[in-house]
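Structure at a glance
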Amino acid sequence: MKGDTALQARAQAFVADLLEVIRQEPDFEHALTLAVWLGRYLWVNFCGIYRLDDLELILLDKLDVPASLDVSDGPVRELQVASAVFRNGGHSPLMRSLITEAAEPPDVLMTWPTTALEAGGILAVDPARVEVPLIDQPISARVVRWATKMAGYDRVILHLHPDDVAAALAVRLAKQVKPSLFVGFMNHADHAFSAAIGVADKVFEISAYGWALRAQRQSEQRSTFVGIPIAPPLQRPDGGGQGGYAFTGGTAFKYKPFRGHSLPVVLMELLRRDQSIRLKIIGPDSRDYWWWPLRMRGGQRVQMMKAVPRDEYLKLLNDCAYYIDSYPWPGGTAFPEALMRGGLVAAIQGGSSGYSYADVLRSHSAEDFLDVCIKLAAKDDAALRLQAEVRQRCIAFHAPSAVRARMEQGMDPLHIEWPPQEMLARQQIPAAELDWMDNGRSITPSLKKLTLNRAMRAVLLRLHARHFGRLRHSSLKLGFDLYLKKVKV
């Protein structure tokens, strides 16, 4: 089902009905639980809703707030707030870079369970500067506690998971207590719904893809571009790139064909045109049928591998003739890091882009991409000069100090930083929305760590069945998840 706008309308109607249920729910914790589920639903269903202020305002009206909050200004001006941080992945290093580059060390507030030692280690922050949630407190008390803490700072920078509705409530309460508090929202989930966008004074955009969605977020006058900080990696050893193979690696879903765009098909043609090149590919699942023809026809020239340790990955990267980014969905920072390391890179403009200055090197068509690959393998002078030029610009643009500087400039209410013209020159399409509509069904999110009573389970299933059909796969799955599946709490 291509471009199913009727599906989008049904999802939006479902969201409106569930929002009304939350409005009528008298118990704050029950209402918050349903709100978190709704946040998760919007996060995985790209139905055109990127912010939902009413959800937060409804909950805030239900929150039992003391007549006055004991707010005291501390010596530290900045508080960085995160739902969670992880040792792997690109989002936590972004937060760590912004903290490391600050002139005065900021404090950190975590809103999901962790330890100060763990979070401090990941973010390179003294654990004494990290506050973590008190699990034995009711969630309403935690929200008030967080709001009180936030109100003691000049500025709060948010790194929130899309469904962290509780943290969004705390920010709204803190703004009520201290209207002068500056709130900056780092738009990590640039392609999706997020809580707390509506309360931010500035939305810090990290990609041209997110920048293109400002109208849908109603943030045109509040969005400012900062980009992704990428510390220059160690240069690959002298004599690198002599392995005689092209290399690509990424999460399996990033290679799933989208509207006729498929990397395996293009790679098949590459093998035909360049008889000397081999392919090494990390990520495909054995069930990913779109890789099967390349596997069968490529023979010994195609080697597919599961995830490998970091050291082995870097060796593959150092030895490859050139690195190919995932397609039709980009691989995040892997592409610019391969370039910055001193390697050669090639990519096709996919369903989303604008995540790094290296995207200047993305080809507009499969034919252009194949031409670039042939030239890189042949060490064409013009192609190598272009790679060297973009490499230097990429290093300068993504320097953590430069990203931090753009963020601080963006705190000025009158300052709006636009992405580089080179990024804006490549038109962004709402690819996540189109892919979701092509999929043709509602996606029911995880119930992990959600405690739903009988009435809450019944209303979710009833509303979903009303809008999407009782016997549709998604409704049946939701019923199984609600009543039969064991859920981790």
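In what follows, the structure referred to is the one given above.
As the structure is a prediction and not an experimental result, all values here were calculated from the model.

1. A look at the side chain of glutamate 205
Position of glutamate 205 among the secondary structure elements: in strand β6 (residues 202-205). Arginine 217 is the oppositely charged side chain nearest to the buried, salt-bridge-free glutamate 205, at an N-O distance of 4.6 Å. A polar atom in the side chain of glutamate 205 sits 2.9 Å from the side chain of asparagine 187. Setting aside anything within four residues of it in sequence, one finds glutamate 205 in contact with Asn187, Gly210, Trp211, Arg214, Ser219, Ser223, Thr224, Phe225, Val226 and Gly227.

2. Focus: unusual backbone geometry
Leaving glycine aside, a negative phi is the common case for residues, and trans is the common case for peptide bonds. Residue proline 328 is bonded to the preceding tyrosine 327 through a cis peptide linkage, with omega at 10 degrees. Along the chain, proline 328 falls in the loop between β11 (322-324) and α13 (334-340). Look at lysine 449: it is not a glycine, yet its phi comes out positive at around 65 degrees. In this structure, lysine 449 sits in the loop between α18 (431-439) and α19 (454-468). The class of lysine 449 is exposed, set by a relative accessible area of 56%.

3. Quick word on the pairing of strand β4 (residues 155-159)
Of all 5 residues making up β4, 5 are buried, and the element is well covered by its neighbours. Residues of β4 alternate between two faces, with Arg155, Ile157 and His159 on one and Val156 and Leu158 on the opposite face, all of them buried. As paired elements, strand β1 (residues 78-82) and β4 share 5 bridges and run parallel to each other. Across the sheet, the residue bridging to glutamine 80 is isoleucine 157, located in β4. Pairing between β4 and strand β5 (residues 182-186): 4 bridges, direction parallel. Paired with arginine 155 across the strands is phenylalanine 182, a residue of β5. For the crossover that starts at β4, traverses helix α7 (residues 165-177) and ends in the parallel β5, the hand is right-handed.

4. Here's the deal with the packing of aromatic side chains
The full count for this structure, using the stated rule, is 15 aromatic pairs. Arranged with centres 5.3 Å apart and planes meeting at 65 degrees, the rings of tyrosine 255 and tryptophan 291 form a pair that is edge-to-face. Taken as a pair, tyrosine 255 in the loop between β8 (245-249) and α10 (263-273) and tryptophan 291 in the loop between β9 (278-282) and α11 (292-298) lie far apart in primary sequence, 36 residues in all. The exposure classification of tyrosine 255 matches that of tryptophan 291, with both residues buried. Among the aromatic side chains, those forming a connected cluster through ring pairs are Trp211, Phe225, Tyr357, Phe397 and Trp418. Positioned above the aromatic ring of tryptophan 418 is the side chain of arginine 214, whose terminal nitrogen or guanidinium carbon lies 5.2 Å from the ring centre.

5. Observations regarding the pattern of salt bridges
Counted according to the given criterion, the structure contains 29 salt bridges. Two residues, glutamate 269 and arginine 273, come together in a salt bridge whose shortest N-O distance is 2.7 Å. With glutamate 269 and arginine 273 both in helix α10 and 4 residues apart, the pair spans about one turn of that helix. One continuous salt-bridge network, built from bridges that share partners, spans Arg51, Asp53, Glu56 and Arg172.

6. Some remarks on the environment of tyrosine 323
With respect to the helices and strands, tyrosine 323 occurs in strand β11. By relative accessible area, tyrosine 323 is classed as buried at 1%. The residues contacting tyrosine 323, other than those within four sequence positions of it, are Phe247, Thr248, Gly249, Tyr313, Leu317, Ala334, Phe335, Ala338, Leu344, Val345 and Ala346. In this structure the side chain of tyrosine 323 is engaged in a polar contact, spanning 3.2 Å, whose partner is the backbone oxygen of glycine 249.

7. With respect to the sheet that holds β6
Reading across the sheet, the 7 strands line up as β3-β2-β1-β4-β5-β6-β7 and stay open at both edges, with parallel pairing between neighbours. What marks the edges here is a single partner per strand, and that holds for β3 (130-131) and β7 (223-225).

8. Quick word on helix α14 (residues 366-377)
Its 12 residues place the ends of α14 17 Å apart at the C-alpha level, agreeing with the 16 Å of an ideal helix rising 1.5 Å per residue. Every buried residue of α14 is listed here: Phe369, Leu370, Cys373 and Leu376. Seen end-on, α14 carries its buried residues on one side only, within an arc spanning 125 degrees. Residues of α14 that are buried sit in contact with α10, β11, β12 (345-348), β13 (362-363) and α15 (381-397). Backbone geometry just after α14 places lysine 379 at a positive phi near 55 degrees.

Scoring rules and cut-offs
Residues numbered from 1 in each chain as written. Predicted model: local features only at pLDDT ≥ 70, side-chain atom pairs only at ≥ 80, totals over all residues. Heavy atoms only, no water. Helix = DSSP H or I, 4+ residues; strand = E, 2+ residues; numbered from the N terminus. Buried < 20%, exposed > 50% of the residue type's maximum accessible area, 1.4 Å probe, protein only. Lys, Arg positive; Asp, Glu negative; His and termini not counted. Salt bridge = Lys/Arg side-chain N within 4 Å of Asp/Glu carboxyl O. Polar contact = N/O pair within 3.5 Å; in protein donor to acceptor, adjacent residues only side chain to side chain. Contact = heavy atoms within 4.5 Å. Pairing = 2+ DSSP bridges. Right-handed = clockwise from strand over helix to strand, strands pointing away. Phe/Tyr/Trp six-rings, centres within 6.5 Å; stacked < 30°, edge-to-face > 60°. Lys NZ or Arg CZ within 6 Å of the ring centre and 35° of its normal. Expected span 1.5 Å × (residues − 1). Arc of directions from axis to C-beta.

It is worth stressing that arrangement in space is one thing and function is another; only the former is reported here.
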